[in-house]
Amino acid sequence: MDVSFLGGPRPQRGVGVVAPFDFALDRELWRWVPDEISLHLTRTPYVPVEVSLDLARLVSEHETLHEAVRTLNAIAPEVVAYACTSGSFVGGIAGERAMCAAMTRAGAVPSLTTSGALLDALTELGVRRVALVTPYTVSVTRSLEEYVAEAGVSVTGCAYMGLTRHIWKVPYRQVSEMAHKAVRGDAQALFISCTNLPTYDVIPQLEAELRIPVISANQVTMWAALRRLGTRAVGPYQALIDPAARSGPVRPEIPGLPEVRGLPDEEQQQEGWT
């Protein structure tokens, strides 16, 4: 059978992705990617540590990043993304920038991180007041709050789940419930943290309900990586990706929204928020 008329496969452009060893949502990343883009994923080495600040530091060490990026060099991606929120905010803004520099040195290509992409997304949307949802413990959540505050963005409300493992198993229903707990007052946007937390399908629904942009860790990572290539992520009815979706009405006060508690002590958090 003569198939010469097909002309061969279409040219592809590569995005390298460095993910923590326990990352389980490869398929979700692909959902934001247009047809001409190929994702090339590699993972950091396994360490027997639960999700915590210690784990965030271990999976973001420069030597670890260097080795991970080197495994991608043979396939020559045009950009490399570090897909881990806590691993890229645990060292603050200076630490995030140092991670990007370390990855760029290892791969000689532009590099970015999830937390750096978060700040870029907030700037793109003109957001100075943000609500947060995280699956983390109180200590990791506080570190994210400090990172956002360091960038000059106020946190208007926060809800977290207190999880230390199996974050990818959290259902959309629970993500939605936490979002409604976090958003109050004058929040201009909601950020749902952690690349291991499923969010793709819940974003449009939450934007319709909350009347503010809703952004998530995997979404901002893919959005920023593809923007570096001069192309756009795909995702229906998502304000970050579709500028036409940003012109909705101001979010009204919604009667009956649960009050968001302040961050409790670690013991209280583990008992009441998991």
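Above this note sits the structure.
Scoring rules and cut-offs
- Residues numbered from 1 in each chain as written.
- Predicted model: local features only at pLDDT ≥ 70, side-chain atom pairs only at ≥ 80, totals over all residues.
- Heavy atoms only, no water.
- Core = buried A, V, L, I, M, F, W, Y, C linked by side-chain atoms within 4.5 Å.
- Buried < 20%, exposed > 50% of the residue type's maximum accessible area, 1.4 Å probe, protein only.
- Helix = DSSP H or I, 4+ residues; strand = E, 2+ residues; numbered from the N terminus.
- Contact = heavy atoms within 4.5 Å.
- 1 Å grid on protein atoms, 1.4 Å probe; cavity = no way out; pocket = protein on both sides within 12 Å on 5 of 7 lines; lining within 4 Å.
- Points joined across faces, edges and corners; volume = space filled by probe spheres on them.
- Nonpolar A, V, L, I, M, F, W, Y, C, P; charged D, E, K, R; others polar.
- Pairing = 2+ DSSP bridges.
- Right-handed = clockwise from strand over helix to strand, strands pointing away.
- Axes fitted to C-alpha atoms, helices over the stretch in contact; angles between N-to-C directions.

Engineer: Go over the nonpolar core, please, and point to the residues and values.
Structural biologist: Across soluble globular proteins, nonpolar side chains have a tendency to be buried as a group. By size, the foremost hydrophobic cluster in this structure holds 89 residues, and its most contacted members are V15, L190 and I215. A per-element tally of this core places helix 10 (residues 217-228) first, with 7 residues. Residues contacting L190, with those up to four places away along its chain left out, are V130, A131, L132, V133, A179, A182, V183, L210, I212, P213, V214 and I215.

Engineer: Can you break down empty space enclosed by the protein residue by residue, with the values?
Structural biologist: For the structure on display, the rule yields 1 cavity of 30 Å³ or more. In this structure, the largest cavity occupies an estimated 170 Å³ of space. In terms of lining residues, the largest cavity is bounded by 16 residues, among which P20, D22, V51, C84 and S86 are the most central. When contributions to the lining of the largest cavity are tallied by element, the ones reaching two or more residues are helix 2 (53-58) and helix 4 (85-89). Grouping the amino acids of the lining of the largest cavity by side-chain chemistry returns 10 nonpolar, 5 polar and 1 charged.

Engineer: An account of the pairing of strand 2 (residues 37-43) is requested, with residue identities and associated values reported.
Structural biologist: Within strand 2, 5 of the 7 residues are buried, leaving the element largely enclosed by the surrounding structure. Of the pairings in the sheet, the one linking strand 1 (residues 13-19) to strand 2 comprises 7 bridges and is parallel in character. Among the inter-strand pairings, G14 is bridged to a residue of strand 2, identified as S38. Once you follow strand 1 into helix 1 (residues 26-31) and on to strand 2, the crossover reads as right-handed.

Engineer: Give me the lowdown on the sheet that holds strand 8 (residues 214-216), citing residues and values where you can.
Structural biologist: Spatial ordering of the open sheet is given by 6-5-7-8, a layout of 4 strands whose pairing is parallel. Of all strands in the sheet, those bounded by a partner on one side alone are strand 6 (154-160) and strand 8. This sheet shows a mean twist of 20 degrees between the axes of neighbouring strands, independent of strand direction. Bridging between strand 5 (residues 129-134) and strand 7 (residues 189-192) involves 4 bridges; their strand directions are parallel. By the bridge assignment for strand 7, V130 is matched with A189. Of the strands in this sheet, strand 5, strand 6 and strand 7 are in contact with helix 8 (residues 172-182), which crosses strand 6 at around 145 degrees.

Engineer: Describe the layout of surface pockets, listing the residues and the values that go with them.
Structural biologist: There is about 210 Å³ of room inside the second largest pocket. What lines the second largest pocket is a set of 16 residues, and nearest its centre among them are E96, G116, A117, L119 and D120. The set of elements that each furnish at least two residues to the lining of the second largest pocket consists of helix 5 (92-107), strand 4 (111-113), helix 6 (114-125) and helix 10. Among the residues forming the lining of the second largest pocket, the class breakdown is 8 nonpolar, 3 polar and 5 charged.

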